[in-house]
Amino acid sequence: MNSPDYTGDFSIDPRHIWLNVASEGPIPKKAAEALSEAVQWKLSPHLLTIPKFQQIPLELKRSIARLIHVDGDDVILGNSATYGLHLLANGLEFKKGDEIILLQNDFPTDILPWLSLEAKGVIVHQLAAQKHVLSAEELARAINHRTRLVCLPLVHSFTGFKLDVTAIGRLCRAHGILCIVNLSQAAGAFEIDLLQWEVDAVVCAGYKWLLGPYGTGFCWIKKELRQQLDYAQNYWISLMDEASLNSEGALTLKNDHSARRYDVFGTANFFNYVPWTASIEYLLSVGLDNIERHNRLLVDQIIQDLDGRFELVSPRAESERSNIVVFSYKDPSQNFRLFEYLKAQGFHLAFWKNKLRASPHLYNTTQHIERLLLALNNYAA
Ligand SMILES: Cc1ncc(COP(=O)(O)O)c(C=O)c1O
């Protein structure tokens, strides 16, 4: 089966095959054009008109909302996935003895923000999962009446295993436990419909599968949960309207729990948010179903054609896997050498925890993967 070739929508140097979107995604040409326009505004600041300060974040929120099927008014703009987790970890009220469940060996983003709560007597469990992500059964065994919150990745960065978010969300909801999910290795790679999930908040980095510049991210927090946040974030652009900006009187704080209030400062971040909006619009125009189909072909090809000298760490079963393929040479002491050998030939994978990680996205082609496999299978230790 063939899939369209999207390489023309990008400007990647053809001598380099980028198979590491799980670390950093390239911006598409459309985003580079949008960025050039934003640079023009800064070159000639009369173009940087006041309405743009409202319009740019609004447009980005609208694009993110279409991507994950939520209301744009509930989207919080950030600079990372960590940003949203910090809002939650620092803004929600926790009592001594409350318990939080995380995944051991998750990407540190999902763990570090919660660890500060240990100083307040909150017990943070990092549970080891048998198959790299927690199953609903494993989670059910770990929860008790003190469990307040669970924070897990939809796709595990170091193995590509995918969480059964439907079952996990249902379990959490049934026990009144907050369920927070990190979409960083998933959003932009396949369809995500928050309307179908029972989760309370999601966070996501913008510079991976969403093809945004580095320093982008978003967070969505269910309205009722957002209203419980006690987090002093008082930014003039978010909180003040035109009338209050023009008043000479003393300022007062509004009791405002809109998503906008929690946006990262400098929200009209033109050089990052203008191209990121264009990237998300590009992904939406290709269609998440088409992207998913395309990427599945590439992943299938890697999984099927790796020769017997390699061990697949990622799952084979389609229901468990994602667009991340992690593998190891049978003799793991060779892995770093293999990684360097591939890089020297222009194949850019990631090297984490002494394993190789390939993460192809829509700008990759079946020819790229054929060439990668040829290089791998010709590797002589
Ligand atoms: C699951 C996951 N979340 C988040 C990040 C990055 O975090 P942040 O955007 O907070 O720097 C990564 C990076 O690889 C990741 O794999």
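Residues numbered from 1 in each chain as written. Predicted model: local features only at pLDDT ≥ 70, side-chain atom pairs only at ≥ 80, totals over all residues. Heavy atoms only, no water.

1. Thoughts on the site of the ligand
The cut-off we apply is this: If even one non-hydrogen atom of a residue comes within 4 Å of a molecule or strand, that residue is called near it. Polar contact is the term for a pair of N or O atoms within 3.5 Å; when the atoms are in protein, one must be able to donate a hydrogen and the other to accept it, and sequence-neighboring residues count only if both atoms are side-chain atoms. The Shrake-Rupley method, run with a 1.4 Å probe, gives the accessible areas here. Residue values count only the displayed protein chains as cover. Gly is put with the polar residues, along with every residue not named as nonpolar or charged; the nonpolar set is Ala, Val, Leu, Ile, Met, Phe, Trp, Tyr, Cys and Pro, and the charged set is Asp, Glu, Lys and Arg.
As a structural note, the neighbourhood of the ligand is formed by 13 residues, with Thr82, Ser157, Gln185, Tyr207 and Lys208 the closest of them. Asn182 is positioned such that a nitrogen or oxygen atom in its side chain is 2.9 Å from a nitrogen atom of the ligand. Contact with the protein chains removes 91% of the 400 Å² of surface that the ligand exposes when unbound. For the shell around the ligand, the residue count by class is five nonpolar, seven polar and one charged.

2. Some thoughts on the packing of helix H11 (residues 288-305) against helix H13 (residues 366-377)
Definition in use: Think of each axis as a best-fit line through the C-alpha atoms, taken over the contacting stretch in the case of a helix, with angles from 0 to 180 degrees between the N-to-C directions. In DSSP terms, a helix is any run of H or I states spanning at least four residues, a strand is any run of E spanning at least two, and both are numbered starting from the N terminus. These descriptions rest on fixed angle ranges, namely under 35 degrees for roughly parallel, over 145 for roughly antiparallel, 65 to 115 for roughly perpendicular, and the rest for oblique. Crossing handedness follows the turn of the near helix against the far one: under a right angle anticlockwise gives a left-handed crossing, and clockwise gives a right-handed one. By definition in these notes, contact holds between two residues if any of their heavy atoms fall within 4.5 Å.
In contact at an axis separation of 10 Å, H11 and H13 are set at 20° when each is read in the N-to-C sense. By the angle between their directions, the pair H11 and H13 is classed as roughly parallel. Judged by the twist between their axes, the crossing of H11 over H13 is right-handed. From H11, Leu298, Gln301, Ile302 and Asp305 reach across to H13, where they touch Thr366, Ile369, Glu370, Leu373 and Asn377. Of the residues that constitute the contact of H11 with H13, the class distribution is four nonpolar, three polar and two charged.

3. Regarding the side chain of Thr277
Residue position: Thr277 is located in helix H10 (residues 270-286). Apart from residues lying up to four places away in sequence, Thr277 is in contact with Glu59, Leu60 and Ser63.

4. A closer look at the packing of H10 against H11
The description of two helices packed together rests on the angle between their axes and the distance between the axes. For the pair H10 and H11, interaxial distance at closest approach is 5 Å and the crossing angle is 80°. When the interaxial angle is binned, H10 and H11 end up roughly perpendicular. On the side of H10, the interface is formed by Leu283, Leu284 and Val286, while H11 contributes Leu288, Asn290 and Ile291. Its residues assigned to classes, the contact of H10 with H11 shows five nonpolar, one polar and no charged.

5. Comments concerning a nonpolar patch on the surface
For clarity, the cut-off: By definition, no residue in a patch forms a salt bridge, and every one has over 30% relative accessible area; like charges are joined within 9 Å, nonpolar side chains (Val, Leu, Ile, Met, Phe, Trp, Tyr) within 5 Å. Note on definitions: salt bridges are taken to be side-chain nitrogens of Lys or Arg within 4 Å of carboxyl oxygens of Asp or Glu.
A surface patch of nonpolar side chains, amounting to about 260 Å² of accessible area, comprises Val39, Leu43 and Phe271. Among the structural elements, Leu43 can be located in helix H1 (residues 29-43).

6. Some thoughts on the pattern of salt bridges
This is how the line gets drawn: Residue burial is assigned from relative accessible area. The probe radius is 1.4 Å, only protein chains are included, and a residue is buried under 20% of its type maximum, exposed over 50%, and partly exposed in between.
One pass over the full model with this rule turns up 15 salt bridges. For Arg173, the salt bridge goes to Asp200, with nearest N and O atoms at 3.6 Å. Taken together, the residues span a long stretch of sequence, with Arg173 in helix H6 (residues 165-174) and Asp200 in the loop between strand E6 (178-182) and strand E7 (201-205) at a distance of 27 residues. We classify Arg173 as partly exposed; its relative accessible area is 36%. Between Glu318 and Arg296 there is a salt bridge, and its shortest N-O distance comes to 2.9 Å. Highlighted residues: Glu318 in the loop between strand E9 (310-312) and strand E10 (325-329) and Arg296 in helix H11, separated in sequence by 22 residues. A single network of salt bridges, built from pairs that share partners, joins Arg173, Asp200, Lys222 and Glu224.

7. Thoughts on H6
Because each turn of an α-helix spans 3.6 residues, side chains separated by three or four positions end up pointing in the same direction. All of the buried residues along H6 are Val165, Ala167, Ile168, Gly169, Leu171 and Cys172. Residues of H6 that are buried make contact with helix H5 (136-142), strand E5 (147-153) and E6. Downstream of H6 by a residue or two, Gly176 has a phi angle that is positive, lying close to 65°.

8. Looking at the environment of Phe53
Looking at where Phe53 falls in the secondary structure, it is placed in helix H2 (residues 50-68). Take Phe53: its relative accessible area is 28%, and that puts it in the partly exposed class. Taking the C-alpha atoms as reference points, Phe53 and Ile237, separated by 184 residues in sequence, lie 8.6 Å from one another. With near-sequence residues (within four places) excluded, Phe53 lies in contact with Leu48, Ala268 and Phe270.

9. A word on the packing of aromatic side chains
What describes a pair of aromatic rings is the distance from one ring centre to the other and the angle between the planes of the rings. Note the cut-off: Note on ring pairs: Phe, Tyr and Trp rings are taken, using the six-membered ring of Trp, and paired if centres are within 6.5 Å. Classes follow the plane angle, with under 30 degrees stacked, over 60 edge-to-face and the rest tilted. A positively charged side chain is recorded as over a ring if its NZ (Lys) or CZ (Arg) lies within 6 Å of the ring centre. The angle to the ring normal must also be within 35 degrees.
Across all of its chains, the model carries 19 aromatic pairs by this definition. Between Phe158 and Trp352, the aromatic rings sit 5.1 Å apart at their centres with planes inclined by 55°, giving tilted as the arrangement. Linking Phe158 in the loop between E5 and H6 with Trp352 in strand E12 (residues 350-352), this pair joins segments that are 194 residues apart in sequence. When its relative accessible area of 7% is taken as the criterion, Phe158 is described as buried. What makes Trp352 partly exposed here is its relative accessible area of 34%. Through successive ring pairs, a cluster of aromatic residues spans Phe310, Phe327, Tyr329, Tyr341 and Tyr379. In this arrangement the basic side chain of Lys52 is found over the ring face of Trp41, its NZ or CZ atom lying 4.6 Å from the centre. Here the basic side chain of Lys162 rests over the ring of Phe190, its NZ or CZ set 4.4 Å away from the ring centre.

10. Overview of the sheet that holds E6
Filter applied, for reference: Only strands that DSSP links by at least two bridges are regarded as paired with each other.
Pairing is mixed across the open sheet formed by seven strands, whose spatial order is E2-E8-E7-E6-E5-E3-E4. Looking along the sheet, the strands with just one partner apiece sit at the ends: strand E2 (75-78) and strand E4 (123-127). Strand-to-strand twist in this sheet, taken as the mean axis angle between neighbours without regard to direction, amounts to 15°. By the bridge criterion, five bridges tie E5 to E6 in an arrangement that is parallel. When the sheet's bridge partners are listed, Pro153 is paired in E6 with Asn182. Set on the sheet, helix H3 (residues 82-91) makes contact with E2, E5, E6, E7 and strand E8 (217-221); between it and E2 the angle comes to about 115°. Running over the sheet, H6 touches E5 and E6 and is turned about 155° from E6.

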